Amino acid sequence: MGKFLLSLVLGILGAGIVHIVILFLLPSLAEKGPWQRLDAAAGHYTFVPVNSQNGPSPTIRPIEPFFEEAACRFDLKDGVVHIHAPGHVPFWSMSVYDRRGENIYSLTDRTATDGDLDLVIATPAQLIEVKKDIPDDFGKSIFVETDTGKGIALVRSFIPDGSWTPGIDRYMKSLVCQSG
Amino acid sequence: MLRNIFLTLLTFVIAVGGGAASVWYALNADDGFDTLRVGAWTAFPALGTPNASPYAKAAAARSGVLALGHAEGIRFIAKQDSAGAALSRNCTYKVAGNTPPARFWTLFPADPRSLMPLKAKDGLPAKLQSWAVLRQADGSFMVEVGPHPAPGNWLAINGSGMMALALTLYDTPAATSSEIGSVELPTITQAGCDG
């Protein structure tokens, strides 16, 4: 009986340990995370429409029916990332996620200069270099400093009603995600 | 001897099975950690941020969702009406009141598990955004959500089973405010059911 109780107690203790191990391993082991899904759809520095069906499951679940979204993966080891688009839409917002899909930075068109989408993502060290002699291209850019090596930039654009769809389609297709 | 093997096996089964089952249960539980309740609505302000609890992080990693950033907005989900009864697709609800200041907001009925938007029959409205909402003289609004057409603001539902409502505020100071728990959100009142 004593042995039975002991194995029961050991089992419950073990369950606690297994619980914690699984919990902390899940984010890095998940095979269906946003990064992996985008990886299956396109390479780095390409904007992929969210919810595009490329394979068995959609790349990323859309946030909601009123939005059009596109995501681009980047790796700061290749140099700074410049994300920009010409023109204006009723509302755009953007988030930068790390490789695990955690939101590390977000902004809307209100925060941007003249409402233009123009953003440079860089590590602190790269930013020092860039700011020594800011290239003309980065003249109006917002600088985002992050230590994340690999990450995802996601742009969302609001479609107030169907008549906006063609214009916003064009805007989303004109998004540029470029390294260096 | 056999007894010892059995007891060792039992320990392992409890440890692995119990550990895995408890994680699975915790990740599927509705009222998870980091939740914020305002009336019938629930928000997850820490979802998808480095500040989220390990449970929220594990759940987010499994779902393939990239959550809204604080500067972008905040989403509230209701799975119950203001009286505490679960939202059903057979019933009609009146969503009435005001929202905290925001550039705009959107409202749509969703599947309670996946939170994917529910599809309405062709041509019927399944989503609403604040620029197109009809308002009362005092600026408040009332949206009728249900299977039968209604004058004013109406969101169509068909099918049966449970549902959820998703209200998302965009570009709102409420998302970053420390007083987010005291914001005013619309009430959800049931106004009759079919069958």
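Residues numbered from 1 in each chain as written. Chains lettered and ligands numbered in written order. Predicted model: local features only at pLDDT ≥ 70, side-chain atom pairs only at ≥ 80, totals over all residues.

Q: Would you explain the interface of chain B and chain A in this entry?
A: Accessible area lost when the parts come together is the quantity often used to give the size of an interface. Taken together, the contact between chain B and chain A spans 41 residues of the former and 46 residues of the latter. Broken down by secondary-structure element, the contributors of at least two residues to the side of chain B that touches chain A are α1 (2-28), α2 (54-63), β5 (104-110) and β9 (164-170) of chain B. Examining the composition of the side of chain B that touches chain A, we find that 11 residues originate from one element, α1 of chain B, more than from any other. Among the residues forming the side of chain B that touches chain A, the class breakdown is 23 nonpolar, 12 polar and six charged. (Contact = placed C-beta atoms within 7 Å. Helix = DSSP H or I, 4+ residues; strand = E, 2+ residues; numbered from the N terminus. Nonpolar A, V, L, I, M, F, W, Y, C, P; charged D, E, K, R; others polar.)

Q: Please explain the nonpolar core as it appears in this structure.
A: In a soluble, globular protein the nonpolar side chains are often hidden away together inside. By size, the foremost hydrophobic cluster in this structure holds 89 residues, and its most contacted members are Ala71, Ile121 and Ala153 of chain A together with Leu165 of chain B. For this core, the leading source of residues is β9 of chain B, giving six residues. When near neighbours in sequence (up to four residues on either side) are disregarded, alanine 153 of chain A contacts Ala71, Cys72, Phe74, Ile83, Met94, Val96, Ile121 and Cys177 of chain A. (Core = buried A, V, L, I, M, F, W, Y, C linked by C-beta atoms within 7 Å. Buried ≥ 20, exposed ≤ 12 C-beta atoms within 10 Å, placed from the backbone.)

Q: Would you explain the sheet that holds strand β7 (residues 141-146) of chain B in this entry?
A: Across a sheet, strands are paired by hydrogen bonds formed along the backbone, either parallel or antiparallel in direction. All names here are of chain B. Strand order in the open sheet formed by four strands is β8-β7-β4-β10, and the pairing between neighbours is mixed. Since the sheet does not close on itself, it has two edges, and those belong to β8 (153-156) and β10 (187-193), each with one partner. This sheet shows a mean twist of 20° between the axes of neighbouring strands, independent of strand direction. When strand β4 (residues 91-97) meets β10, the two strands line up antiparallel, connected through five bridges. The residue bridging lysine 94 from the neighbouring strand is threonine 189, located in β10. (Pairing = 2+ DSSP bridges. Axes fitted to C-alpha atoms, helices over the stretch in contact; angles between N-to-C directions.)

Q: How should the environment of proline 147 of chain B be read in this particular structure?
A: Within the fold, proline 147 of chain B resides in the loop between β7 and β8. C-alpha separation for the pair proline 147 of chain B and tyrosine 93 of chain B, spaced 54 residues apart in sequence, amounts to 9.7 Å.

Q: Looking at this model, I keep getting lost on helix α1 (residues 2-29) of chain A. Mind explaining?
A: In an α-helix, one turn spans 3.6 residues, which is why side chains three or four residues apart end up on the same side. For α1 of chain A, built from 28 residues, the straight-helix expectation of 40 Å at 1.5 Å per residue is met to within 8% by its first-to-last C-alpha distance of 39 Å. Among the residues of α1 of chain A, those classed as buried are Ser7, Gly11, Gly14, Ala15, Val18, His19 and Leu26 of chain A. (Expected span 1.5 Å × (residues − 1).)

Q: How should I be thinking about the environment of leucine 175 of chain A in this particular structure?
A: All names here are of chain A. Mapped onto the secondary structure, leucine 175 falls in the loop between α4 (165-173) and β9 (176-179). The sequence separation of leucine 175 and cysteine 72 amounts to 103 residues, and the corresponding C-alpha distance is 9.7 Å. In contact with leucine 175, not counting residues within four places along its chain, are Phe47, Ala70, Ala85 and Val155.

Q: Quick question: what am I supposed to make of unusual backbone geometry here?
A: Glycine aside, the phi torsion of most residues is negative, and most peptide linkages are trans. You will see that aspartate 114 of chain A, though not glycine, has its phi angle at about 55°, which is positive. Tracing the backbone shows aspartate 114 of chain A in the loop between β5 (103-108) and β6 (117-122). Notably, leucine 115 of chain B is not glycine yet its phi reads approximately 65°, a positive angle. Within the fold, leucine 115 of chain B resides in the loop between β5 and β6 (128-129). A tally of 17 C-beta atoms within 10 Å means that leucine 115 of chain B is categorised as partly exposed.

Q: What is the right way to read the sheet that holds β9 of chain A from this model?
A: Residues and elements named next belong to chain A. Taken in spatial order, the four strands line up as β7-β6-β3-β9 in an open sheet, and their pairing is mixed. Each edge of the open sheet is held by one strand with a lone partner, namely β7 (142-145) and β9. Along the sheet, successive strands turn relative to each other by an average axial angle of 20°, direction set aside. With five bridges joining them, strand β3 (residues 81-85) and β6 adopt antiparallel strand pairing. In the sheet register, valine 81 faces β6, and the bridge partner there is isoleucine 121.

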